[in-house]
Amino acid sequence: MPDPACDLLVVGAGAAGLTAALTAAEQGARVLILTKGHAPDSSSWHAQGGIAGAVGDDDTAALHAVDTERAGRELCRPSAVKVLTEEGPERVRELIAMGVPFDPELSLEGGHSRRRVSSVEGAATGWAVTSLLGRMAARMDQISTREATNALALWTDGGRCLGVVTPDGPIAARATILAMGGAAALWARSTNPEGQIGDGIAIAFAAGAAVADLEFMQFHPTVLAGSRLLLTEALRGDGATLLDDKGERFVDELAPRDEVARAMVRKGRVWLDLRQVDRARFPGLMIEIEKAGFDPATQPIPVSPAAHYTIGGVVTDLVGRTDIPGLFAAGETAATGVHGANRLASNSLLECLVFGRRAALAALDEPAIPTRPEMPLAPPPERRASQELRDQVWREAGVMRDPADLAHLALSQDVVAQLVARFAVARWESRGVHYRIDAPTTDPAFEGHFVLRPGQELTLERWS
Ligand code: FAD
Ligand code: SIN
């Protein structure tokens with residue numbers, strides 16, 4: 001008989017997982033956090049520009065919603081956008097009350113009609129927020145954390161999720177929240193930590209959960225060439241320009257990032273010119289650039305796009321519930337539909353705070369687990385991504401997509417690579433971050449979310 005050591009099992013220790021854990025613990029729940037690596041292995045730790053949220057005097061949730069929907073290209077789920085933008089300011093104010101030392105000025109990023117992004121030292125927001133939430137979780141008696149513990153599969157019985165299976169055995173909980181981040185490190189050129197290869201999508205799909213929107217991988221335009229180092233969009237908000245090999249500007253640097261990324265790919269070699277920027281606003285980032293061998297005060301920096309954010313994921317409602325009773329998802333693992341076909345800059349940390357909290361509150365309503373459940377089967381081996389696979393995904397499902405490449409990738413042995421390709425093949429149009437060279441325009445017939453349930457065909461759904 002399982003004796004759940006916890007009410008809530010949270011898989012992942014990024015912004016979404018930590019928010020969920022702290023919210024549940026504040027309600028008196030016993031929480032266990034599992035993470036495959038250590039704190040700096042989450043994308044949250046590395047987040048730079050900040051957290052969007054209508055906290056400025058000239059701003060409203062409605063204006064933030066308009067910008068979010070415009071970036072999302074007719075595909076944002078309106079109810080999710082309303083939740084994100086209306087609850088967002090309160091979550092940002094809570095961080096201020098917890099002691100996050102936000103910069104006095106709000107930042108501007110692509111696609112925003114206002115300065116709306118709260119940052120710490122310009123580009124150290126993820127570290128400041130995630131390390132603070134981590135310290136708070138470590139201080140709470142009701143929260144325990146197991147690092148270096150890989151969730152290999154979900155434990156289900158009679159269609160209900162009872163927890164996860166790790167290499168050390170199963171772990172039971174009344175409710176499980178997958179906050180396992182995204183899959184962008186499956187692409188050879190990526191901003192994400194190496195382990196972010198979509199394990200949450202893989203284990204939820206294997207257990208029968210629906211997944212959606214996996215054709216939408218967001219590429220960040222300005223990543224130091226030959227490296228994972230992101231050069232935050234806030235630099236462009238502060239006047240950094242993109243130059244071609246003649247030293248000329250060629251794109252509106254603050255257009256939504258899918259447009260900027262494609263313009264850069266068309267150009268070939270591109271440089272980010274930081275000479276006009278108040279570089280003292282981004283002290284840590286300037287040191288990183290110098291460490292990489294460039295002097296941002298005197299020379300433009302070579303940049304090119306890299307896979308950055310997984311818009312699709314495990315389908316949830318607005319409180320993180322998946323198709324599987326007892327199983328929730330939040331943060332980058334979840335597909336709420338809030339980002340449509342292109343995420344607005346800095347809406348992701350906000351998503352982690354807003355939907356991480358909602359998922360935790362809903363998860364606490366789950367009933368006790370059965371006293372004599374079916375024990376799980378031996379787990380599958382750990383999913384790994386070889387360099388060859390990462391190269392293939394980059395080549396065959398990159399910024400500009402060729403149908404023959406996608407058809408080839410759909411034969412991949414890796415479940416997430418295969419799913420990405422199947423979704424991208426089905427979306428025979430270009431919309432937001434998904435661009436097909438054989439169908440370069442948007443087709444109203446595809447105004448919906450592709451959803452896949454195990455053993456079924458892809459369906460196109462409209463989400464209100
Ligand atoms: P993550 O923070 O990625 O955490 C995932 C967790 O799951 C990790 O603890 C990981 O170890 C764990 N995990 C994964 N697989 C397993 C497994 N099998 N078993 C156990 N644990 C597992 N967004 C913004 O809004 N603003 C920004 O300024 C910004 N800047 C960014 C800069 C960079 C360089 C990057 C990479 C992303 C940035 N983003 C930004 C995006 C944003 O940071 C992420 O979308 C967000 O932090 C994701 O948070 P999360 O909690 O969902 O997942
Ligand atoms: C950045 O700082 O440019 C990243 C912001 C984001 O991914 O939202």
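Everything that follows concerns the structure shown earlier in this document.
Computed from a predicted structure; not experimentally measured. (Residues numbered from 1 in each chain as written. Chains lettered and ligands numbered in written order. Predicted model: local features only at pLDDT ≥ 70, side-chain atom pairs only at ≥ 80, totals over all residues. Heavy atoms only, no water.)

Moving on, we come to the overall build of the chain. A tally of regular secondary structure across the chain gives 13 helices and 18 strands. Seen through its principal axes, the chain has C-alpha atoms that stretch 70 × 50 × 40 Å. Split into buried and exposed, the 464 residues of the chain put 61% on the buried side. Pairs at least 24 residues apart make up 72% of the contacts formed inside the chain by residues separated by at least 6 positions. Surface exposure of the chain reaches about 17,600 Å², of which carbon and sulfur atoms provide 51%. Charge separation in the chain, taken as the distance between the mean sites of 46 positive and 60 negative side-chain charges, equals 0 Å. (Helix = DSSP H or I, 4+ residues; strand = E, 2+ residues; numbered from the N terminus. Buried < 20%, exposed > 50% of the residue type's maximum accessible area, 1.4 Å probe, protein only. Contact = heavy atoms within 4.5 Å. Areas by Shrake-Rupley, 256 points an atom, 1.4 Å probe, with all protein chains shown as cover. Lys, Arg positive; Asp, Glu negative; His and termini not counted. Charge placed at Lys NZ, Arg CZ, Asp CG, Glu CD.)

Turning our eyes to something else, we now look at the sheet that holds strand β9 (residues 211-212). With mixed pairing, the five strands of this open sheet are ordered in space as β16-β14-β9-β17-β18. Either end of the sheet is taken by a strand with one partner, and the two such strands are β16 (334-335) and β18 (459-461). Of the strands in this sheet, β9, β14 (313-315) and β17 (449-452) are in contact with helix α6 (residues 199-206), which crosses β14 at around 40 degrees. Here helix α13 (residues 415-426) sits on the sheet in contact with β9 and β17, set at roughly 135 degrees to β17. (Pairing = 2+ DSSP bridges. Axes fitted to C-alpha atoms, helices over the stretch in contact; angles between N-to-C directions.)

Scanning the model with the defined rule gives 33 salt bridges in all. Its salt-bridge partner being Asp 67, residue Arg 116 comes within 2.8 Å of it at the nearest N-O pair. Of this pair, Arg 116 sits in the loop between α4 (78-98) and β4 (117-118) while Asp 67 is found in helix α3 (residues 61-71), placing the two residues 49 residues apart along the sequence. Here Asp 67 falls in the buried class, since its relative accessible area comes to 2%. Residues Arg 431 and Glu 429 are paired through a salt bridge, measuring 2.7 Å at the closest nitrogen-oxygen approach. Salt bridges sharing common partners tie together Lys 36, Asp 199, Arg 383 and Asp 414. (Salt bridge = Lys/Arg side-chain N within 4 Å of Asp/Glu carboxyl O.)

Taken together, 38 residues surround ligand 1, and among them Ser 44, Gly 50, Glu 332, Ser 348 and Leu 349 come closest. Ser 43 is positioned such that a nitrogen or oxygen atom in its backbone is 3.0 Å from an oxygen atom of ligand 1. Separating an oxygen atom of ligand 1 from a side-chain N or O atom of Ser 348 is a distance of 2.5 Å. Contributions of two or more residues to the shell around ligand 1 are made by α1 (15-26), α2 (43-46), β13 (301-310) and α10 (347-363). In terms of residues, the shell around ligand 1 owes the most to one element, α10, which gives four residues. Residue composition of the shell around ligand 1, grouped by class: twelve nonpolar, 22 polar and four charged. (Near = heavy atom within 4 Å. Polar contact = N/O pair within 3.5 Å; in protein donor to acceptor, adjacent residues only side chain to side chain. Nonpolar A, V, L, I, M, F, W, Y, C, P; charged D, E, K, R; others polar.)

Okay, helix α8 (residues 257-267) next. Listed in full, the buried residues belonging to α8 are Arg 257, Asp 258, Val 260, Ala 261, Arg 262, Ala 263 and Met 264. The inward-facing, buried residues of α8 contact β10 (217-224), α7 (233-237), β11 (241-243), β12 (270-273) and β13.

Between α1 and helix α5 (residues 125-139), the shortest axis-to-axis distance is 10 Å and the interhelical angle comes to 35 degrees. For the pair α1 and α5, the sense of crossing is left-handed. Two secondary-structure elements touch here, α1 through Ala 15, Leu 18, Thr 19 and Leu 22 and α5 through Thr 130, Leu 133, Gly 134, Met 136 and Ala 137. (Left-handed = near helix turned anticlockwise from the far one by under 90°.)

Attention shifts here to the sheet that holds β10. Taken together, four strands build an open sheet; the order of strands is β10-β13-β12-β11 and the sheet is antiparallel. Looking at which strands have only one partner, the edges of the open sheet turn out to be β10 and β11. Each strand of the sheet is rotated relative to its neighbour by a mean of 45 degrees, with strand direction disregarded. Relative to β13, β10 is paired through six bridges, and the arrangement is antiparallel. Bridge pairing links Met 217 to Thr 310 in β13.

With respect to the secondary-structure elements, Ala 175 resides in strand β8 (residues 169-178). Overall, Ala 175 belongs to the buried group, its relative accessible area being 0%. Here the alpha-carbon distance between Ala 175 and Leu 106, two residues 69 residues apart in the chain, equals 37 Å. When neighbours within four sequence positions are excluded, Ala 175 is seen to be in contact with Asp 7, Leu 8, Leu 9, Gly 326, Phe 328, Ala 363 and Glu 366.

The subject of this paragraph is the packing of aromatic side chains. Applying the stated criterion to the full structure yields two aromatic pairs. Between the aromatic rings of Phe 219 and Trp 394, the centroid separation amounts to 5.9 Å while the plane-to-plane angle is 70 degrees, which identifies the pairing as edge-to-face. Remark: Trp 394 occurs in helix α11 (residues 387-396) and Phe 219 occurs in strand β10; sequence separation between them is 175 residues. Centroid distance Phe 446 to Phe 450: 6.2 Å. Interplanar angle 50 degrees. Geometry classified as tilted. (Phe/Tyr/Trp six-rings, centres within 6.5 Å; stacked < 30°, edge-to-face > 60°.)

This part is about the nonpolar core. Counting residues in hydrophobic clusters, the biggest one holds 52 residues, and the most contacted among them are Leu 8, Val 31, Ile 33, Ile 51, Leu 95, Ile 143 and Ile 177. The element contributing the most residues to this core is α10, with ten residues. Setting aside chain neighbours within four positions, we find Leu 8 in contact with Ala 20, Ala 24, Arg 30, Val 31, Leu 32, Ala 173, Ala 175, Thr 176, Ile 177 and Ala 363. If you look at the next biggest cluster of nonpolar residues, it comprises 31 residues, including Ala 185, Leu 406, Val 416 and Phe 446. (Core = buried A, V, L, I, M, F, W, Y, C linked by side-chain atoms within 4.5 Å.)

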